[in-house]
Every structure is written in C-alpha cells, then in structure tokens.
Amino acid sequence: MSHTEPAAGATDAPVLEVRGLRKSFGDHTVLKSIDLTVRRGQVVALIGPSGSGKTTVLRCLNGLEVPDAGTVEVAGEVRVDFAAAPSRGQLAALRDRSAMVFQHYNLFPHRTVLENIIEGPVQVQRRRRAEAEAEALSLLGRVGLADKRDSYPFELSGGQQQRVGIVRALALRPQLLLFDEPTSALDPELVGDVLTVIKELADEGWTMLIVTHELAFARQVANEVIFMDGGVVVERGHPDTVLRAPRQERTKQFVDRLLNPF
Amino acid sequence: MSVNWDLVWSSLGPMLIGAIQGTIPLALASFVLGLVLALAVALMRLSRYRVVAAIARAYVSIIRGTPLLVQLFVIFYGLPSIGVTISPWPSAIIAFSLNVGGYAAEVIRAAILSVPKGQWEAGHTIGMSRRQTLVRVILPQAARVSVPPLSNTFISLVKDTSLASLILVTELFRQAQQVAAFSQEFMLLYLEAAVIYWIICLVLSSGQSLLEKRLGRYVAH
Ligand SMILES: Nc1ncnc2c1ncn2[C@@H]1O[C@H](COP(=O)(O)OP(=O)(O)OP(=O)(O)O)[C@@H](O)[C@H]1O
Ligand SMILES: [Mg+2]
C-alpha cells in the first residue's frame with residue numbers, strides 16, 4: 001500500500017466540500033440541501049433512518065446520480081456546480097477522485113479476484129498490468145486474502161467479497177473512499193473482519209465517508225458523525241456528542257432505537 | 001417391406017455433400033451474420049433515443065410476425081420485379097440472417113437486461129465509460145445467459161435451411177428430393193435426410209452443453 005498511502009500530517013485541507021446538494025426523484029425531494037466537509041485523513045460517519053437519503057448522497061458524489069443543485073469540490077482539483085447540467089467529463093473527474101464500496105459488493109462475477117481489482121487500474125487508468133497486479137497482490141495480502149487471487153467471487157464468503165470490494169476501491173488510488181453500509185449485507189460473524197480492515201485504513205490516514213448503522217464502530221473510528229433525516233442534516237458533531245448526548249430529539253430517538261431495538 | 005440398402009448407401013454421398021457444402025455453411029454464415037445484426041438491434045432497442053428504439057422494435061415485429069418462407073420468397077422471387085436480382089445463395093443468407101437477427105435480438109436484449117444494475121454501477125465507479133462497461137462487464141455476463149436460447153435459435157436455423165431448396169440452393173434436402181424423384185423411393189430418402197438432420201442437431205446440442213459449462217465456470221452450482 002506504500003505508494004497509495006495518503007500523506008500523513010496535512011489534516012486540514014478539505015478533500016470533499018459539498019454545498020447545498022439537492023436531489024429529487026420526480027416530485028419526491030430526497031436531499032433538501034446538504035452541506036458536508038471531509039478533511040484530509042478524516043473519517044466521517046453518515047447515519048440516519050432508512051430512506052433518509054444517505055445512499056443518495058454517496059451516489060451523487062460518485063456520479064451515479066446527478067444532483068439537481070449544489071456544488072461538489074474534491075481535493076481542491078475538481079469543482080462541479082450542478083446548477084447547470086454537468087458534462088460527462090465533469091462527472092468522470094469526480095468519479096476518478098473517489099471510489100465506492102457497495103453494500104452488496106457488486107464484484108464482477110465473471111472475473112477472478114485479481115482481475116476484479118486490476119480492471120480499473122489497467123483498463124481505465126492505463127497502468128501497466130504487471131505493476132497493477134503487484135499492487136493488487138500486496139493489497140490483498142493486507143486484507144488476508146492473498147491466497148484467493150484466482151478465486152471467483154462466488155467462491156468467497158460475503159466478508160471476503162466485501163474485502164475484495166474494498167481492495168478494488170483502494171487500487172484506484174482515490175482521494176476519498178465512499179462506503180455504503182459496507183457490513184449490512186453480512187452475517188453477523190463476518191462483520192468484524194470487514195470493520196477491522198476499515199479501521200486499519202482509518203489509522204493509515206485514508207479519507208473516508210462511511211454510511212453505517214454500526215454505532216459502536218462509528219464512535220470508535222469516526223472524527224465526525226452526521227445524522228440525516230428527511231433529506232436534511234439534523235445534527236453533526238463529535239461522535240461522543242452525537243451518539244451519546246445528542247442535542248436534537250430526533251437524533252436521540254434514532255440512536256436509542258438502534259441501541260435498544262426491543 | 002425390405003429396405004433398399006444400396007440406394008441408402010449410394011444416396012448418402014450426394015446428401016452428405018449437400019449437408020457439408022450447403023446446409024452447414026448456410027446455417028453457419030447466416031447465424032454469424034444474424035448474431036452481429038441481433039446485437040446491433042438489441043442495443044438499438046435499449047437506446048434512449050426513441051426513434052432508434054422504435055425502428056428496432058418494428059424490425060423485430062416484422063421478422064417475427066411473418067413466415068420465414070415468405071421472407072425468403074420476397075427476397076428471391078419478389079425483388080427481381082423491382083429490378084433487384086439476387087442469386088440463390090446470397091438470397092438465402094440474407095433471408096436467414098435477417099430472420100436470426102430478429103429472433104436473437106430479443107434473446108440478447110433480455111440477457112442484457114438480466115444483468116443486475118449494480119454491475120453497470122460498479123463499472124462506472126471504477127471509471128469505465130458506458131461502452132467499456134457494456135463490453136467488459138455486461139456482455140460477458142449476458143453471453144452466459146444467452147447460450148441456451150441462442151443454441152435453440154441455431155438448431156432451428158439448421159432445420160430451416162431446408163427451405164432454401166425452394167429457391168434452388170443445393171443443400172441436404174434438395175439433394176434428397178432429387179434422388180427421390182429419380183428413384184421414386186420417397187419414404188426411404190426423406191427418412192434418410194431426417195436422420196442426417198437429426199445427427200447434425202445432436203452434435204450441436206452437445207456443443208451447447210460444452211459451451212454452457214465453459215461459460216458457467218464462475219457461477220455457483
Ligand atoms: N432511483 C430512484 N428513483 C426514485 N426514488 C429513489 C431512487 N433512489 C432512491 N430513491 C428514494 O429516495 C429516498 C432515499 O433513498 P436512499 O437510498 O438514499 O436512502 P437511505 O438513507 O440510503 O436508506 P437505507 O438506510 O434504507 O439504505 C427513498 O425514499 C428512496 O425510495
Ligand atoms: Mg442506503
């Protein structure tokens with residue numbers, strides 16, 4: 001991971017700046033006006049009830065949805081104002097700087113683990129295959145899956161598939177990692193392995209925006225927790241505040257409900 | 001009733017020549033051209049431009065809504081009356097390719113739609129263009145799903161090439177007809193032709209199984 005490791009130290013430059021992000025599907029306004037800042041090396045956890053728009057935020061940042069309004073700036077290099085329809089090039093530029101880890105992994109079933117990982121680096125970024133393979137193998141080793149390089153996804157457990165999903169994202173050398181409930185499709189006993197990997201990435205200084213329902217994990221890893229409901233940010237702040245002593249009643253209800261489901 | 005084995009034996013040569021020089025190349029050429037056409041038509045059907053999709057839909061509807069024999073006759077016997085004369089072989093290949101194009105387009109379209117949306121999205125998030133995602137992610141998965149129905153299309157096509165005898169293409173069935181007319185042994189020779197068609201189709205079916213196995217190596221059984 002050596003050359004993909006982000007520079008330690010410079011922890012204040014924003015890697016992601018989102019202002020006034022708005023998105024509707026038909027006449028259903030899903031995101032009303034979202035502001036977000038993620039600084040270099042920071043981990044921001046996005047929490048909120050089902051349907052509150054968390055996935056939609058990530059999809060807008062990765063160019064899978066086109067917002068109706070707002071600006072997104074990544075790494076101070078790309079700034080897209082969605083007041084006007086973005087060009088393909090603008091969406092591609094956004095996408096190039098972030099990488100997404102999906103809830104359902106979305107690995108390519110017809111390609112082996114190694115092929116899955118080098119697909120982006122070789123086919124899109126035009127890096128040399130040998131170099132991409134070497135990097136992929138070292139990343140696979142880091143998540144304990146070096147021996148699975150020639151397996152097909154169906155031969156792996158959910159936890160292993162998700163770790164491959166994470167490596168596939170890392171191999172793109174993004175500035176920002178986006179996770180959409182990376183463990184919610186997993187059997188409970190497999191969740192830990194994946195969270196451990198994400199925690200290690202946080203310790204290495206990767207910049208991450210993570211949608212999650214794992215509050216204990218968020219508290220341990222995140223620098224900031226953002227609680228969304230109904231397409232707006234209801235509360236944001238230090239994990240201990242938002243998760244332990246929230247100021248807003250809605251946040252309190254949501255957190256209580258997750259901690260005591262019965 | 002005794003079987004005239006000498007006739008079976010002596011007619012085998014002309015019939016096999018008909019199969020090897022007529023039926024099989026006719027089916028292969030038409031299938032390959034038809035598949036290329038079908039892929040184009042399937043992609044047109046999925047286009048966001050409505051006119052393009054409508055043209056493709058009309059084409060599929062006409063091909064599937066009219067008899068193959070009529071299509072063949074329009075091309076070979078009909079076109080000359082508007083000044084376009086095409087000889088038997090090209091006529092047959094054109095008619096059969098157009099026909100395969102219509103049927104296989106629907107198979108390919110359904111196969112493309114059967115690939116989960118998450119696969120398109122995974123392609124996009126690693127930076128692939130639509131075209132790259134289609135070629136490297138979607139079509140390989142669609143191909144696996146398409147093999148059984150496309151094999152059926154091909155096997156039907158092999159049998160349908162017998163219609164080309166009606167526009168004077170020398171293939172297996174026309175050879176059988178000629179020997180039968182000469183010897184008056186209709187039952188024997190048409191049964192012999194049937195057996196040869198059947199054997200060709202058996203070989204194709206086992207080819208289909210092999211292909212399914214090979215393309216299915218990445219799915220759980
Ligand atoms: N493509 C779409 N078309 C129409 N409505 C959509 C679309 N995508 C999302 N929505 C709607 O937007 C709302 C927010 O969805 P989103 O997936 O962002 O919520 P979420 O916070 O991620 O929820 P969950 O915790 O269940 O994953 C939901 O009401 C959903 O039905
Ligand atoms: Mg979601």
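Let me begin by describing the structure that accompanies this report.

**Focus: the overall build of chain B**
Helix and strand content of chain B: 8 helices and 0 strands. Listing the helices and strands of chain B from first to last along the sequence gives α-α-α-α-α-α-α-α. Considering only C-alpha atoms, chain B reaches an extent of 70 × 50 × 25 Å along its principal axes. Put simply, chain B has 221 residues, and 43% of those count as buried. Pairs at least 24 apart in sequence give 74% of the contacts found in chain B among residues at least 6 apart. Within the structure as shown, chain B displays about 11,700 Å² of accessible surface, and the carbon and sulfur contribution to it stands at 69%. Charge centroids of chain B, computed over 16 positive and 8 negative side chains, lie 23 Å from each other.

**Here's the deal with the site of ligand 1**
Residues and elements named next belong to chain A. Within the structure, ligand 1 sits among 13 residues, and Ser50, Gly51, Lys54, Thr55 and Thr56 are positioned closest to it. Contacts to ligand 1 include Ser52, whose backbone N or O atom sits 3.2 Å from an oxygen atom. A distance of 2.8 Å separates an oxygen atom of ligand 1 from a polar atom in the side chain of Lys54. Expressed as a share of its isolated accessible area of 630 Å², the protein-covered part of ligand 1 is 62%. Elements represented by at least two residues in the shell around ligand 1 include exactly strand S2 (28-39) and helix H1 (54-61). The dominant element in the shell around ligand 1, judged by the number of residues it contributes, is H1, at 3 residues.

**With respect to the layout of surface pockets**
In this model, the largest pocket occupies a volume close to 620 Å³. If you go around the largest pocket, you meet 22 residues; those closest to its centre are Gly63, Leu91 and Arg95 of chain A together with His124 and Arg130 of chain B. When residues of the lining of the largest pocket are traced back to their parent elements, those giving at least two are helix H2 (88-97) of chain A together with helix H5 (117-125) and helix H6 (130-160) of chain B. By residue number, the principal contributor to the lining of the largest pocket is H2 of chain A, which donates 5 residues. Space inside the second largest pocket adds up to approximately 470 Å³. In terms of lining residues, the second largest pocket is bounded by 14 residues, among which Leu43, Leu46, Trp120, Arg130 and Leu134 of chain B are the most central. Listed by contribution, the elements that provide at least two residues to the lining of the second largest pocket are helix H1 (5-45), helix H4 (88-114) and H6 of chain B. Within the lining of the second largest pocket, the residues separate by chemical class into 8 nonpolar, 2 polar and 4 charged.

**Brief notes about the pairing of strand S1 (residues 14-25) of chain A**
The side chains of a regular strand alternate, first on one face of the sheet and then on the other. Residue and element names in this part refer to chain A. Both S1 and S2 contribute to a ladder of 8 bridges, which runs antiparallel. When the bridges of S2 are listed, Leu16 appears paired with Val38. Turn length for the S1-S2 hairpin, with the two strands adjacent in sequence and antiparallel, is 2 residues, and the turn residue Gly26 shows positive phi of about 60°. Relative to strand S4 (residues 69-74), S1 runs antiparallel, the two being bridged by 5 bridges. Across the sheet, the residue bridging to Glu17 is Glu73, located in S4.

**Section: the sheet that holds strand S6 (residues 98-101) of chain A**
All names here are of chain A. With respect to topology, 6 strands assemble into an open sheet ordered S6-S7-S8-S3-S9-S10, the strand pairing being mixed. The sheet terminates laterally at S6 and strand S10 (232-237), the two strands that pair on one side only. The sheet shows a mean angle of 20° between the axes of neighbouring strands, taken without regard to direction. With 4 bridges connecting them, strand S3 (residues 43-47) and strand S8 (residues 208-211) associate as parallel partners.

**Thoughts on the packing of H1 of chain B against helix H2 (residues 50-65) of chain B**
Residue and element names in this part refer to chain B. Running from N to C, H1 and H2 cross one another at 130°; their axes reach a closest spacing of 7 Å. Here H1 is positioned oblique relative to H2, judged by the angle of their axes. Read as a crossing pair, H1 and H2 show a hand that is left-handed. Only Val52, Ala53, Ile55, Ala56, Arg57, Tyr59 and Val60 of H2 make contact with H1, whose side of the interface consists of Leu37, Val41, Met44 and Arg45. The residue makeup of the contact of H1 with H2, split by class, is 9 nonpolar, no polar and 2 charged.

**Concerning the nonpolar core**
In terms of nonpolar packing, the biggest core is built from 143 residues, with Leu16, Val72, Ile166, Leu177, Phe179, Ile198 and Met208 of chain A touching the most fellow members. The biggest single contributor to this core is H4 of chain B, with 11 residues.

**Here's the deal with the packing of aromatic side chains**
All chains considered together, the criterion is met by 7 aromatic pairs over all chains. Centroid distance Phe227 of chain A to Phe254 of chain A: 5.2 Å. Interplanar angle 35°. Geometry classified as tilted. With Phe227 of chain A in strand S9 (residues 224-229) and Phe254 of chain A in helix H9 (residues 249-259), this pair connects stretches of sequence that are 27 residues apart. In this pair, the class of Phe227 of chain A matches that of Phe254 of chain A, namely buried. Note on Phe173 of chain B and Tyr190 of chain B: the rings are 5.5 Å apart at their centroids and 25° apart in plane angle, and the pair reads as stacked. Taken together, the residues span a long stretch of sequence, with Phe173 of chain B in helix H7 (residues 172-183) and Tyr190 of chain B in helix H8 (residues 186-215) at a distance of 17 residues. Tyr190 of chain B gets classed as partly exposed once you look at its relative accessible area, which sits at 30%. One aromatic cluster is present, formed by Phe73, Phe76 and Tyr77 of chain B through successive ring pairs.

So, how was this worked out
- Residues numbered from 1 in each chain as written.
- Chains lettered and ligands numbered in written order.
- Predicted model: local features only at pLDDT ≥ 70, side-chain atom pairs only at ≥ 80, totals over all residues.
- Heavy atoms only, no water.
- Helix = DSSP H or I, 4+ residues; strand = E, 2+ residues; numbered from the N terminus.
- Buried < 20%, exposed > 50% of the residue type's maximum accessible area, 1.4 Å probe, protein only.
- Contact = heavy atoms within 4.5 Å.
- Areas by Shrake-Rupley, 256 points an atom, 1.4 Å probe, with all protein chains shown as cover.
- Lys, Arg positive; Asp, Glu negative; His and termini not counted.
- Charge placed at Lys NZ, Arg CZ, Asp CG, Glu CD.
- Near = heavy atom within 4 Å.
- Polar contact = N/O pair within 3.5 Å; in protein donor to acceptor, adjacent residues only side chain to side chain.
- 1 Å grid on protein atoms, 1.4 Å probe; cavity = no way out; pocket = protein on both sides within 12 Å on 5 of 7 lines; lining within 4 Å.
- Points joined across faces, edges and corners; volume = space filled by probe spheres on them.
- Nonpolar A, V, L, I, M, F, W, Y, C, P; charged D, E, K, R; others polar.
- Pairing = 2+ DSSP bridges.
- Axes fitted to C-alpha atoms, helices over the stretch in contact; angles between N-to-C directions.
- Parallel < 35°, antiparallel > 145°, perpendicular 65-115°, else oblique.
- Left-handed = near helix turned anticlockwise from the far one by under 90°.
- Core = buried A, V, L, I, M, F, W, Y, C linked by side-chain atoms within 4.5 Å.
- Phe/Tyr/Trp six-rings, centres within 6.5 Å; stacked < 30°, edge-to-face > 60°.

Keep in mind these numbers describe shape, not what the thing actually does.
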